[in-house]
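# Structural overview
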Amino acid sequence: MERYTGKSIVKGIAIGRILFYSKGENPVERGKVEDCAAEIERYEAAKEQAAKELDRLYQKALKEVGEVNAAVFEVHAMMLEDEDFNDSVRNIINSQQVNAEYAVSATGDNFSRMFSEMEDDYFQARAADVIDISERLVSVLEGKERSGYLGEEPVIVVAHDLAPSETVQMDKEKLLAFVTEYGSANSHTAILARTMNIPALIGVPIQKEWNGKLAIVDGYSGTLYLEPGEKILKLMRVKMEEDEKSAELLQQLKGKESVTKDGRKVHLYANIGSVSDMVSVFSNDAEGIGLFRSEFLYLEKEDYPSEEELFQAYKSVAEMMAGKKVIIRTLDIGADKQVGYFHMEKEENPAMGYRAIRLCLDRPEVFKTQLRAVFRASVFGNVSVMYPMIISVDEVRKIKELVEEVKKELRAEGIAYKDVEQGIMIETPAAALISDLLASEVDFFSVGTNDLIQYTLAIDRQNARLDAHYDAHHPAVLRLLRMVVENGHKGGCWVGICGELGADTSLTEEFLRMGVDELSVSPSRVLSVRKEIRRTDLSVLKTDENV
Amino acid sequence: MKSFTYVITDEVGIHARPAGVLAKEAKVLDSKVFLEANGKKAEATRLLAVMGMGVKKGTEITVTVEGGDEETAAEKLEAFFKANL
């Protein structure tokens, strides 16, 4: 297997054989002509023919891919009439006594260079339009057909570059994806790929030997896998199915409320790890951010991120969510997430070790930098903050003291902030068991099921040999959950779930019956969970078997 | 001679499509129409030259109209710019 990376223009996955699309690049020959007037007449006739072709393509595109993509042919027809272009062709024929093919091709090259040397991306991309017109004229003059025949089977079209008329002529039923070496995000091919919603990559160095080979285009990561192995094929097929499913769900469920048949509304939020995840938050219609992990800002750096960097990241997510809830979780580093510059000692048992809030309370300067960034971001949206790995009331009180210090500092510096909701993650059995005591300290609970299960069952989730024993539906886990919800509500807290279990639709109804107020899941799971919520009817009585 | 200035509000600037329509409109006029911006000048009927000026959003262009129908032509063109660019 070989892999190549390019720039993704349209997301999505495609698996299929490669068709190397070439223009049949035979250079235009320069030939002497005796009768220049006759040659110019040949040119005028070819122009008329080209105009007819463009009109046909316009009609075809209008029908198949819509006005936005069809407009290019209208523009081409106008360019074909351009006086400077026509003057140049006639002039070259006359002054150099050469054939029309050569005159057209030289003119096309000159005008396309004018555009490709311009600064603006949009105007640069117009060079391809000029080339497309001159190639069309040359084909007509040479009496060749320009066709978009792709064969019988659907294919991944791979080319050095694609002209708009080439892509439009292609049979849309047979197109799985585009991969090109040149081209830009503004090119017609990119617009067409977007309209058709098929994956497209640019900037991949193309080889014509790839023709006929099996490949995967991963428009999420911008990767082309050539002759992929079974493992990656399987992985990508699963991703494709998920995409199809979520596309279907989106059609049905976008903009709909997450509400049960009997009218219970649930807050359905998304978990994100970085600002770049916001794209999938929007495309999956999440109602807020239930878990904004802040580790990425630390993991991707060589040194501690500055307050300003943290602030900018939080602020942009808060602004993008435009008043919808954004819950930022403070740093959970340690255990399986190590960062060099923290200089942490090697531990025998890192999952139960020096991590998360333990580390933050031990290094208040690191923690306060983060808190300052959170509070500064609070004025730009609806921000909440939550703290991970809590086991005692004492920890929460210490955190609150630090928060008060931070607020005092901000006030003294004249920096604006809003009072934000503060919550804790319930991910240790200890926190679950004293959730009644914790509830009076904070505004909300969010249950981190991954750790809660691992600690409750004493099953290391990094150890694959224990997978068979890792029972996420274990009654002990569900009892703890029920307890947390009840204690939370008694103490005036709302209660959510932000671990993977929250996306387990076989438990959605049970969670709702427990009284869970919020579910925060990975963006790609939002719509499946919404579907499950909407078909649940809590007014139908059920006996409890497990808990 | 009549002339007016206009600041481009279109996101992409004077792009292919409106430039093409402008070229068509200008062709049926008796007057000659010139666009001027960024120190470059092009006749409105010449699509590639107009696009070659690379006029972006926020740029002020000067349009001059000269000929028998310059009064009405200038009015018509000003309306065109406001509606399309």
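Residues numbered from 1 in each chain as written. Chains lettered and ligands numbered in written order. Predicted model: local features only at pLDDT ≥ 70, side-chain atom pairs only at ≥ 80, totals over all residues.

## Some points on the pairing of strand S7 (residues 214-218) of chain A
Put simply, side chains in a regular strand alternate between the two faces of the sheet. Residues and elements named next belong to chain A. Burial analysis of S7 places four of its five residues in the buried class, the great majority of the element. Relative to strand S8 (residues 223-226), S7 runs antiparallel, the two sharing four bridges. Each bridged residue has a counterpart across the sheet, and for Asp218 the counterpart in S8 is Thr223. The antiparallel pairing of S7 with S8 creates a hairpin that spans four residues between the two strands, and Gly222 there sits at a positive phi of about 75°. (Buried ≥ 20, exposed ≤ 12 C-beta atoms within 10 Å, placed from the backbone. Helix = DSSP H or I, 4+ residues; strand = E, 2+ residues; numbered from the N terminus. Pairing = 2+ DSSP bridges.)

## Points about the UniProt feature "active site" (unreviewed entry) in chain A
All names here are of chain A. Per the UniProt record, the feature "active site" (unreviewed entry) sits at His188 and Cys498. Considering the arrangement of structural elements, one finds Cys498 in the loop between strand S15 (494-497) and helix H19 (508-514). On the basis of neighbour count, Cys498 is assigned to the buried category, with 28 C-beta atoms found within 10 Å. (UniProt positions renumbered as here; feature names shortened; annotations may be inferred.)

## Some remarks on the packing of helix H3 (residues 100-116) of chain A against helix H5 (residues 127-142) of chain A
Residue and element names in this part refer to chain A. It is the contact of H3 with H5, at a shortest axis distance of 8 Å, that shows an interaxial angle of 175°. In terms of orientation, H3 lies roughly antiparallel with respect to H5. Residue-level inspection shows Ala100, Glu101, Val104, Ser105, Thr107, Gly108, Phe111, Ser112, Phe115 and Ser116 of H3 in contact with H5, the latter providing Ala127, Val130, Ile131, Ile133, Ser134, Leu137, Val138, Leu141 and Glu142. A breakdown of the residues in the contact of H3 with H5 according to their chemical character gives eleven nonpolar, six polar and two charged. (Axes fitted to C-alpha atoms, helices over the stretch in contact; angles between N-to-C directions. Parallel < 35°, antiparallel > 145°, perpendicular 65-115°, else oblique. Contact = placed C-beta atoms within 7 Å. Nonpolar A, V, L, I, M, F, W, Y, C, P; charged D, E, K, R; others polar.)

## Some remarks on the interface of chain A and chain B
In this complex, chain A contributes 15 residues to the contact, which on the side of chain B involves 15 residues. Those elements giving two or more residues to the side of chain A that touches chain B turn out to be helix H1 (36-80), helix H2 (83-96), H3 and helix H4 (121-125) of chain A. The biggest single contributor to the side of chain A that touches chain B is H1 of chain A, with four residues. Split by residue class, the side of chain A that touches chain B holds ten nonpolar, no polar and five charged.

## A look at the sheet that holds strand S2 (residues 32-37) of chain B
Residues and elements named next belong to chain B. On the basis of which strands lie adjacent, the open sheet formed by four strands has the order S1-S4-S2-S3 and antiparallel pairing. Only two strands of the sheet have a single neighbouring strand rather than two, namely strand S1 (2-7) and strand S3 (40-43). Strand after strand, the sheet turns through a mean of 20° between neighbouring axes, direction not considered. Of the pairings in the sheet, the one linking S2 to strand S4 (residues 60-66) comprises five bridges and is antiparallel in character. Its bridge partner being in S4, Phe34 is matched across the sheet by Thr64.

## Some words on helix H14 (residues 393-412) of chain A
Residue and element names in this part refer to chain A. Here H14 spans 29 Å end to end across 20 residues, near enough to the 28 Å set by a 1.5 Å rise per residue. Within the sequence span of H14, burial applies to Glu395, Val396, Ile399, Val403 and Val406. Buried residues in H14, looked at end-on, bunch into an arc of 95°, giving them a common side. The exposed residues of H14 that point more than 90 degrees off its buried face are Asp394, Arg397, Glu401, Glu404, Lys408, Arg411 and Ala412. Along its buried surface, H14 packs onto helix H12 (356-362), helix H13 (364-377), strand S12 (382-387), strand S13 (421-426) and helix H16 (435-439). Note on H14: the residue one or two positions beyond its end, Gly414, has a positive phi of about 70°. (Expected span 1.5 Å × (residues − 1). Arc of directions from axis to C-beta.)

## With respect to the nonpolar core
Residues Ile289, Tyr314, Val326, Val374, Ile424, Ile426 and Val484 of chain A are the most contacted members of the largest nonpolar core, which totals 80 residues. What Val374 of chain A contacts, discounting residues up to four positions off in sequence, is Tyr314, Ile328, Val383 and Val385 of chain A. With 57 residues, the next largest nonpolar core counts Val75 of chain A together with Leu29, Val65 and Ala73 of chain B among its residues. (Core = buried A, V, L, I, M, F, W, Y, C linked by C-beta atoms within 7 Å.)

## Observations concerning the environment of Thr62 of chain B
All names here are of chain B. Position of Thr62 relative to the elements: it lies in strand S4. For Thr62 and Lys41, which are 21 residues apart along the polypeptide, the C-alpha to C-alpha distance reads 9.3 Å. What Thr62 contacts, discounting residues up to four positions off in sequence, is Ser3, Thr5 and Glu36.

## Focus on the pairing of S2 of chain B
All names here are of chain B. Residues Val33, Leu35 and Ala37 point to one face of S2 and are all buried, whereas Lys32, Phe34 and Glu36, pointing to the other face, are not buried. With four bridges joining them, S2 and S3 adopt antiparallel strand pairing. By the bridge assignment for S3, Leu35 is matched with Ala42. Hairpin connection between S2 and S3: a loop of two residues separates the two successive antiparallel strands, and Asn38 in this loop has a positive phi of roughly 50°.

## Section: helix H17 (residues 449-457) of chain A
Residues and elements named next belong to chain A. Here H17 has its buried residues at Thr449, Asp451, Leu452 and Ile453. Buried residues in H17 make contact with S13, helix H15 (429-433), strand S14 (444-447), helix H18 (475-490) and S15. Backbone geometry just downstream of H17 places Ala458 in the positive-phi region, at approximately 55°.

## A few points about the sheet that holds S12 of chain A
Residue and element names in this part refer to chain A. Reading around the barrel, the eight strands line up as S9-S10-S11-S12-S13-S14-S15-S16 and close back on themselves, with parallel pairing between neighbours. The average undirected angle you get between the axes of adjacent strands in this sheet is 25°. Sheet analysis places strand S10 (residues 289-293) next to strand S11 (residues 325-329), joined by three bridges and oriented parallel. Across the sheet, Arg293 pairs through a bridge with Arg329, a residue of S11.

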